[in-house]
Amino acid sequence: MQKTKKYFAESELIINPDGSVFHLHLRPEHLADKVILVGDPGRVSLVASHLHSIECEVSNREFTTVTGRYADKRITVVSTGIGCDNIDIVLNELDALANIDFSTREENDTFRCLTIVRIGTCGGLQTDTPVGSFIASAKSIGFDGLLNFYARRHEVCDLKLEEAFRSHTSLMQQIGHPYAVDADCELLDRIASDDMFRGITIACGGFYGPQGRELRLPLADPHLNEKIESFQYEGLLVRNFEMESSAVAGLSKLMGHKAVTCCMVIANRRSCNVNLTYKNTIDDLVKKVLERI
């Protein structure tokens, strides 16, 4: 007996009058199989400057997209803005573009797997990753809680890592239940190669308090960063803070896509130094990803 296809109602999959998906304003034909995510809309133009040809440019709110070719590769570059909440929008809409028929509002007969690499910036948490280092997230721990809203969350998460991390940090109940997800192994090896640090990345729900920065508001646990920096799991250290990797890894695994996050350290929290001119040097990371994706 043929399985009945799920129908996606107008209120659940919102399609604009021009046939584009609600937030990204992309149509299915705009999307390449290889996708680069960046946070800053301005960074899309930096990546696009290396493409050999451009076939479309679309912008809505903080979401700017360019699709074009780099050598023989068709690549889509999308800006997500800041935070895992925006990743929830971007990943769901990219997956819809790839795997839902917008004319029938039903799932496509053939699954289309996307290869997704997020290029970002981060705060380094170890002394051996100075400003300017490149870090690939072998595992991501999400403080954002996003994946906890989805079924099958336990099937794609490293539950032993979650328990070990909560135990080591004596994590306060009010912070919630962090989830831990691996990057796609093949993609991690291809993108990180032998010239990027690999480690655990903490994806935070904010830039200040959640990353241990104390301005006028005191922190609930002033020693949390120290406990995070001393944590080890299967030979991996927690190497950096950023704000999107866990949602990229988690949603991609649930949806069946391949994903990894790689970031350049622009501030080292241990040595307390920062590079405010990082936009001039992140181009090296962009070129590596374009060659390896």
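As shown above, the structure is provided for reference.
Residues numbered from 1 in each chain as written. Predicted model: local features only at pLDDT ≥ 70, side-chain atom pairs only at ≥ 80, totals over all residues. Heavy atoms only, no water.

(A) Structural detail: the overall build of the protein. Within the protein, the secondary structure is distributed over eight helices and 14 strands. At 19 Å, the protein has a C-alpha radius of gyration in line with the 19 Å of a compact globule built from 293 residues. Summarising its shape, the C-alpha atoms of the protein cover approximately 55 × 45 × 40 Å along the three principal directions. The buried share of the protein, taken over its 293 residues, is 55%. For the protein, the proportion of contacts with a sequence separation of at least 24, taken over those separated by at least 6, is 77%. Only carbon and sulfur atoms are counted for the fraction: they give 51% of the accessible area of the protein, which is about 13600 Å². Across the protein, the mean location of the 32 positive side-chain charges is 2 Å away from that of the 40 negative side-chain charges. (Helix = DSSP H or I, 4+ residues; strand = E, 2+ residues; numbered from the N terminus. Rg over C-alpha atoms; globule rule 2.2 N^0.38 Å. Buried < 20%, exposed > 50% of the residue type's maximum accessible area, 1.4 Å probe, protein only. Contact = heavy atoms within 4.5 Å. Areas by Shrake-Rupley, 256 points an atom, 1.4 Å probe, with all protein chains shown as cover. Lys, Arg positive; Asp, Glu negative; His and termini not counted. Charge placed at Lys NZ, Arg CZ, Asp CG, Glu CD.)

(B) Highlighting the environment of Phe 143. Within the fold, Phe 143 resides in the loop between β8 (134–142) and α3 (153–156). Note on Phe 143: relative accessible area 14%, which makes it buried. Phe 143 sits 62 residues away from Gly 205 along the chain, and the two C-alpha atoms are 6.2 Å apart.

(C) Quick look at the packing of aromatic side chains. Taken as a whole, this structure holds three aromatic pairs when the rule is applied. On the numbers, 6.0 Å between centres and 55° between planes, the contact of Phe 143 with Phe 165 is tilted. Taken together, the residues Phe 143 in the loop between β8 and α3 and Phe 165 in helix α4 (residues 159–169) connect sequence positions 22 residues apart. Each member of the pair Phe 143 and Phe 165 is classed as buried. Consider the rings of Phe 207 and Tyr 208, whose centres lie 5.0 Å apart with planes at 80°: the pair is edge-to-face. Looking at Phe 207, the relative accessible area reads 39%, which means it is partly exposed. What makes Tyr 208 partly exposed here is its relative accessible area of 44%. Following the ring pairs from residue to residue traces out a cluster consisting of Phe 143, Phe 165 and Phe 231. The positively charged end of Arg 213 is found above the aromatic ring belonging to Phe 207, 3.8 Å away from the centroid. (Phe/Tyr/Trp six-rings, centres within 6.5 Å; stacked < 30°, edge-to-face > 60°. Lys NZ or Arg CZ within 6 Å of the ring centre and 35° of its normal.)

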